[in-house]
Amino acid sequence: MEVISWFLHKYIFHGPLWFIHKTHHIRTLHPSLELNDIFSCIFATIAIAFIYIGCVSYSPTYFSIGIGMTLYGLIYFLIHDGFIHHRYTSWNKTTNIYLRQIQRAHQRHHVFPFKAPSEEFGLFLIIGQKYWREIFIK
C-alpha cells in the first residue's frame, strides 16, 4: 500500500488532482475537514467494495485487498492526520525517533505550498535516505 500511496500522491495528487489536494497544503495544522479529505472517502468506498466482493464471491484475494486498504487507511488517519498534522492535540509530542523522522520528512513536504517543487511523498517507509540514516545512527 505504501508504494501505491506514494505513486498516487506524487503523480496524481500533485498532478491532475492538485486542485483538490492543494487544500491540504494551504496550512500545516488542520483542525477541521478540508476538500482533500474526499480522497479518504473514495478509498474507503473502494475498500468496502473489495470486502463486499470478496465476501459474496468467496474470494480471499478481494477480501484481503479490502482489509489491507482499510488497515492502511486507519494507520494513515492516525499517523498522518492525528500525529503529523496535529488534528488531535494530545498526539503532538513523541520521543520515538522513527515517528519524529516521519514527521520531519512530511513537514519538509509542506515547505512549498505549491504543486512543485515538492519532495517526500511517502508516509511510513518511503522517506528520504537522510531521515532513515538519522533513525539508525541515534
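Please read these numbers as outputs of a predicted model, since none were measured by experiment.

### A closer look at the overall build of the protein
Counting its secondary structure elements, the protein contains six helices and zero strands. The secondary structure elements of the protein, listed N-terminal to C-terminal, are α-α-α-α-α-α. For the protein, with 138 residues in total, the buried portion stands at 34%. Summarising the internal contacts of the protein: among those between residues at least 6 apart in sequence, 49% fall at separations of at least 24.

### Concerning the packing of aromatic side chains
The geometry of an aromatic ring pair comes down to the distance between the two centres and the angle between the two planes. Tallied over the entire structure, the rule returns four aromatic pairs. Ring geometry for Phe7 versus Tyr11: centroids 5.2 Å apart, planes at 45°, classification tilted. Taken together, the residues Phe7 and Tyr11, both in helix H1 (residues 2-13) and four residues apart, mark about one turn of the helix. According to the relative accessible area criterion, Tyr11 is partly exposed, its value standing at 42%.

### Quick look at the confidence of the model for the protein
In this model, the protein carries a mean pLDDT of 79, and residues with pLDDT of at least 70 account for 73%. Put simply, helix H6 (residues 129-137) is where the protein has its lowest mean pLDDT, 59, and helix H3 (residues 38-56) is where it has its highest, 96.

### Considerations on H3
Residue pairs spaced three or four apart in an α-helix point in one direction, given the helix's 3.6 residues per turn. A rise of 1.5 Å per residue sets the reference length of H3, with its 19 residues, at 27 Å; its end C-alpha atoms lie 27 Å apart and thus fit the reference within 8%. Taken together, the buried positions of H3 are occupied by Phe39, Ala47 and Gly54. An end-on view of H3 places all buried positions within 70° of arc, on one side of the element. Seen from the open side of H3, the exposed residues pointing more than 90 degrees away from its buried face are Thr45, Ile48 and Tyr52. Elements that come into contact with the buried residues of H3 comprise H1, helix H2 (18-25) and helix H4 (60-84). One or two residues past the end of H3 sits Tyr58, with phi positive at roughly 55°.

### Overview of the packing of H3 against H4
Two elements in contact, H3 and H4, have axes separated by 7 Å at closest approach and are oriented at 150°. Comparing their axes, H4 and H3 come out roughly antiparallel. Considering how the two elements wind past one another, H3 and H4 form a crossing that is left-handed. Facing H3, whose interface residues are Phe43, Ile46, Ala47, Phe50, Ile51, Ile53, Gly54 and Cys55, H4 presents Tyr62, Phe63, Ile65, Gly66, Ile67, Met69 and Thr70. Split by residue class, the contact of H3 with H4 holds twelve nonpolar, three polar and no charged.

### A short note on the side chain of His9
Within the secondary structure, His9 is located in helix H1. Here His9 falls in the buried class, since its relative accessible area comes to 9%. Here His21 takes part through its side chain, which lies 3.2 Å from a polar atom of the side chain of His9.

About the cut-offs
Residues numbered from 1 in each chain as written. Predicted model: local features only at pLDDT ≥ 70, side-chain atom pairs only at ≥ 80, totals over all residues. Heavy atoms only, no water. Helix = DSSP H or I, 4+ residues; strand = E, 2+ residues; numbered from the N terminus. Buried < 20%, exposed > 50% of the residue type's maximum accessible area, 1.4 Å probe, protein only. Contact = heavy atoms within 4.5 Å. Phe/Tyr/Trp six-rings, centres within 6.5 Å; stacked < 30°, edge-to-face > 60°. pLDDT = per-residue confidence, 0-100. Expected span 1.5 Å × (residues − 1). Arc of directions from axis to C-beta. Axes fitted to C-alpha atoms, helices over the stretch in contact; angles between N-to-C directions. Parallel < 35°, antiparallel > 145°, perpendicular 65-115°, else oblique. Left-handed = near helix turned anticlockwise from the far one by under 90°. Nonpolar A, V, L, I, M, F, W, Y, C, P; charged D, E, K, R; others polar. Polar contact = N/O pair within 3.5 Å; in protein donor to acceptor, adjacent residues only side chain to side chain.

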